[in-house]
Structures are given as structure tokens and as C-alpha cells.
Amino acid sequence: MADSAEIESSLQAGTTKCDTTSNGRSDVEKIAVEAPTEETDLNKDLSPETANANSQNERKGEAKIKAQYLLVDYKPSIVSEYVPQETKDAMKRLLEQNDLHKGKQESKLTEVASEPPPQHIGCVTDEDVITLRPEEKKKINFSDKLYLAPLTTVGNLPFRRICKTFGADVTCSEMAVATSVLQGKSEWALLKRHKSEDIFGIQLCGSHFEPMTRCAQLIQETCDVDFIDINCGCPIELIFQKGEGCALMGRSSRLGQIVRGMKSVLEVPLTLKMRTGISDSKNLAHTLIPKLRNWGVDLVTVHGRSREQRYTKLADWDYIRRCSLAGTTMPVFGNGDVYSFEDANHFKSLSGVSGLMVARGALIKPWIFTEIKEQRHWDISSSERMDILRQFVNNGFEHWGSDHQGVETTRRFLLEWLSFLHRYIPVGILERVPQKINERPPYYFARDELETLMASSNCGDWIKISEMLLGPVPDNFVFLPKHKANAYK
Ligand SMILES: Cc1cc2nc3c(=O)[nH]c(=O)nc-3n(C[C@H](O)[C@H](O)[C@H](O)COP(=O)(O)O)c2cc1C
């Protein structure tokens, strides 16, 4: 979490005046000392008492306007218990202090988002124009990194910690909907980072530049984050119908508004994840990539399937190569079907991407990062796999609590994860190595009882594993995995 003093001082910095024709930091500081503020100017011929009363009245008037600034949708009454007190305080302070500049901020957002870029003349507050110069902004060297994909539900903090121990370099939060974050909903629980996550991003989903920009700004000011990612790949109908996720791929001018708006407030890198396109017959990613590069996006990840395709076919790494070439100076990561170090080597050399993102491969075998880094197959035993689950449970207790509710939340997320984990086939019993991600074996007996239990696709067996770690399930326990039509009651 950002230190509250830091947030406050950055807010105060927003009241400095400057000459808008100059954009350099030192100029701003110089002008801030020399130029009188508007308020002092207006009050300069009045007695100190009258001037003071005037400025207080002005502040009261401005305070009324404040109420909707920045967190337009922020309603304190619905800030859930998931939002840490520290964050609530920071949101409140932002609400109270920043509102003085509501009008200017809003007009700024509109300007930034529309073509051509704004030309400022004369004096305005420095927060309108003084952003960090590109060379001053934080940079991340993404080259050759292994990126654990954002994964709704299953890519929770306890799981990401496991992947970090096995060598994932970059991690990302589950997708958070920008408007829900601004409303202080439970989405805030998704934004938490563990200290082991040394390159950590937050993925945002939205279809309008204003909430996306405000949300990016709020997250940067209140959360501990290294980059922010725009979700342009989510295929879910509900999201798509709202013009969010993958739908943004078909609306490049709207996407441009969002990217430029977010870039204008961010000091951390802005990344974006997308698919090949919306329909199978029309690839779009290669046409968007040069635009994204020009708008200042720092990294694009291409999942080599269209929205229409979902997981029915293999990812198209030939097309990812085309996207990688289109990126030129901007790094492009490839994503789709990486399930062994051989896959990683093959896809990387075929496509020339800067790095790889792994999703289901990490859910089915989180040690895949070690396999890729050490260029080997790991014939992991069932007891070693049980230790990983035990570690997850401990991480879960730390994250969700170890009271009854914490235990049951941990169980639910463990079960969600087990709905992927059972697909792992031990290297030692494979006829040929490596297993491919789309290969599903018939029911088989493994090398010991636990290994056989872990291979079961029966939801009742996942419950048994959860009971070995967490004790018996409560009466009337029901479990319906989010990502699979498979239920237990
Ligand atoms: C359970 C699950 C949840 C996912 N959630 C997200 C998400 O929140 N954001 C996102 O951009 N992609 C999400 N994806 C897509 C993956 O990040 C990835 O692009 C896709 O699974 C292809 O990679 P893979 O072949 O390595 O699995 C999700 C995928 C799965 C299986």
C-alpha cells in the first residue's frame, strides 16, 4: 500500500501552477516558486481577514462540487469489508482533496481521449500537464520473462504464491471490473499483492476511458502495483455485450481513448492482453499492435485464439509470430498451450516473441516454470504434490483467515484448483513425453493410491482431498466448479 503521506504529498503537488508551454520538471518547480497563485492574485488588494474569509467561502463552494470528483461512482455506504481501512482512508482523502480540481480533471480526461492530442495555452494547474516524461516513468524489463496469466477465480494470491516459488517471473491479479473497483465493491480483494510477487500487475476490464482512467489512477495511488493491464480478451457474453474484454478489439477508436487516457495518468507501465480477434475468420491483433505501440503501450500479450474459437483448436503460433513482428520496438508475449519446456522452446523460437505467458499449464502443473527454466521434465511424486496443496492451504489461511469462514473459503478455491490439477499425468507413467495440454487420458491406475486419487475427474474425489487437508466438509456442502459443468452435493 502506498504510504498515506505519499498520497497526501502527491495530492498537494496538484495545486502547483505552471506555464503550460513547458513540460519539464525543473521548469515546473521554478514557476511554482515564482508565479503567484490565482487565489493570491484575486485577494492581493484586500485586508488579510477579508481575503481569508473570501478564500474560505470559495473553498466551501468548491467543496460542494468535490463530492463526485475522481471516484464518481464511489459511494462510502457500499464500500465493502474487503476494502482495507487504509485504502478506505486513502479513497476518502482523494475524494475530499482532489475534488477541488474536478472540472479541470474531467476536461482533461476528455481532451486526452480525443484526437488530436491537446494543445495547452496559458496557465492551468500543473496536474493537467505535468506528467512524468517518458524517460522518467518506471520501466520493466519484460524480456524473456515467464508470465503467469491472469486467471479469474483460480489465479488468487495463494495460488500465485505457489507459482512464484516454482519460478514464475511476472504475476497478475484476476480481472477486476473498473466500475466495480471505483464503487469500492469486493473487487478490491482481488488487487492484493504478496511480497514474493516482485513484478505484479493488476488487470482491468472496462469499455469507457473515464472509469478506466480514474480506476488506473486510483489503483496507482492506493495499491502496490508495478503495471496495469487492459483486458481485451475476455470472451464471456456478459462482458462482451457491454463492449468490454474482447469486444474492444473491434472498436479501435474506443480502445485508443482508453489507452491514451490511462497512459496520461500512469507512471507505471501499461500492458494489454488480447486474442487473435473476435471471429475465427478475421484476425485483428496484427492491425491493432502498431496503434497500441504508438499510443505508448509497454507490452502486448497475444493469446493465439479468437473469441469464437475459445479452446476448441490449438493456439495459432504462426499468427503470434506475425503479431510479434508487428510489435517492432514494443515487446509482444505469446500465450496458448504451453505445457512443457519443449513447448516453450518450440513456440518461442517459432514466433520470436519476447516472452511467454502460461495459464492452464500452470494450473495443471505449477512446477512448469521450474521445468522451463531448468529445461527438464520433473517426475514429481504424489507426496510432493500433496505438499504443494498443503502450502496452498497455509497460504489460504494467511490470506482468507483460519477461522471457519477462512477454512471454507480456502476449501472452495482449493476445489476450483483441483478441477484443473487432476488433468496432470505423471511423467513416469507416460508412454511418450511430453504430454500435450489437449490430451485427456482414459481412467487409469497410477503408481500409488494418492496419485490415482489425484487423477480422478470425479468431484467427490476432489472433496476427499480437501478433507485430507481441511477436515470434513460442513453439512449440506455443495460445490459447483466455476469453470466446469461438474457438481457435487
Ligand atoms: C480459469 C481461467 C480463468 C481465466 N481468467 C482470465 C482473466 O481473468 N483474464 C484474462 O485476460 N484471461 C483469463 N483467462 C485466459 C488465460 O489467461 C489464457 O489467455 C488462456 O487460458 C490461454 O492460455 P493457456 O493455453 O496457457 O491456457 C483465463 C483462463 C482460464 C482457464
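Going by what an unreviewed UniProt entry lists, the protein chain is known as tRNA-dihydrouridine(47) synthase [NAD(P)(+)] and is assigned to Acanthosepion pharaonis. Per its UniProt entry, the protein chain bears the Sequence similarities (unreviewed entry) comment "Belongs to the Dus family. Dus3 subfamily." A UniProt comment under Cofactor (unreviewed entry) is attached to the protein chain, and it reads "FMN".

This paragraph deals with the site of the ligand. In the neighbourhood of the ligand, 22 residues make up the surrounding shell, with Ala149, Thr152, Met175, Ala359 and Arg360 lying closest. Looking at the shell around the ligand, its residues break down into nine nonpolar, nine polar and four charged.

Let us now look at the nonpolar core. In this structure, Leu204, Ile228, Val300, Leu356 and Val358 are the most contacted members of the largest nonpolar core, which totals 98 residues. Both of domain 2 (136–374) and domain 3 (382–470) provide at least three residues apiece to this core. Non-local contacts of valine 300, meaning those with residues more than four positions away in its chain, are made with Leu272, Met274, Ile289, Leu292, Gly327, Met330 and Val332.

With that out of the way, let us pick up the packing of helix H17 (residues 382–400) against helix H18 (residues 404–421). Angle between the axes and distance between the axes: these two values describe a pair of packed helices. Relative to each other, H17 and H18 sit at 135°, their axes nearing to 9 Å. Classed by the angle they form, the pair H17 and H18 counts as oblique. Between H17 and H18 lies a crossing of right-handed hand. Contact residues: Leu389, Phe392, Val393, Gly396, Phe397 and Trp400 in H17; Gly406, Thr409, Thr410, Phe413 and Leu414 in H18. Residue classes in the contact of H17 with H18 are distributed as seven nonpolar, four polar and no charged.

How each quantity is defined
As a convention, each chain's residues are numbered from 1 in the sequence order in which they are written. Only residues with pLDDT of at least 70 are given local features in this predicted model, and only at 80 or more are side-chain atom pairs given and counted; all residues enter the totals for whole chains, interfaces and linings. UniProt positions are given in the numbering used here, feature names are shortened, and annotations may be inferred rather than shown by experiment. Near, as applied to residues and a molecule or strand, means the residue's backbone-placed C-beta atom lies within 6 Å of it. Residue classes follow a fixed rule: Ala, Val, Leu, Ile, Met, Phe, Trp, Tyr, Cys and Pro count as nonpolar, while Asp, Glu, Lys and Arg count as charged, and any other residue, Gly among them, counts as polar. Any set of buried Ala, Val, Leu, Ile, Met, Phe, Trp, Tyr and Cys residues joined through C-beta atoms within 7 Å is what this text calls a nonpolar core. Think of it as a crowd count around each C-beta: if 20 or more other C-beta atoms lie within 10 Å the residue is buried, if 12 or fewer it is exposed, and in between it is partly exposed, with C-beta placed from the backbone throughout. Domain delimitation in this document rests on an assignment produced automatically or drawn from a domain database. Residue pairs qualify as contacts under a 7 Å threshold applied to their C-beta atoms, which are placed from the backbone. Angles shown run from 0 to 180 degrees and are taken between the N-to-C directions of axes, each axis being a line fitted to C-alpha atoms and, for helices, limited to the stretch in contact. Only runs of H or I of at least four residues qualify as helices and only runs of E of at least two qualify as strands under DSSP, and these elements are numbered from the N terminus. Note that the term roughly parallel is reserved for angles under 35 degrees, roughly antiparallel for angles over 145, roughly perpendicular for angles of 65 to 115, and oblique for everything else. By the definition used in this description, the sense in which the near helix is turned from the far one sets the handedness, with an anticlockwise turn below a right angle giving left-handed and a clockwise turn giving right-handed.

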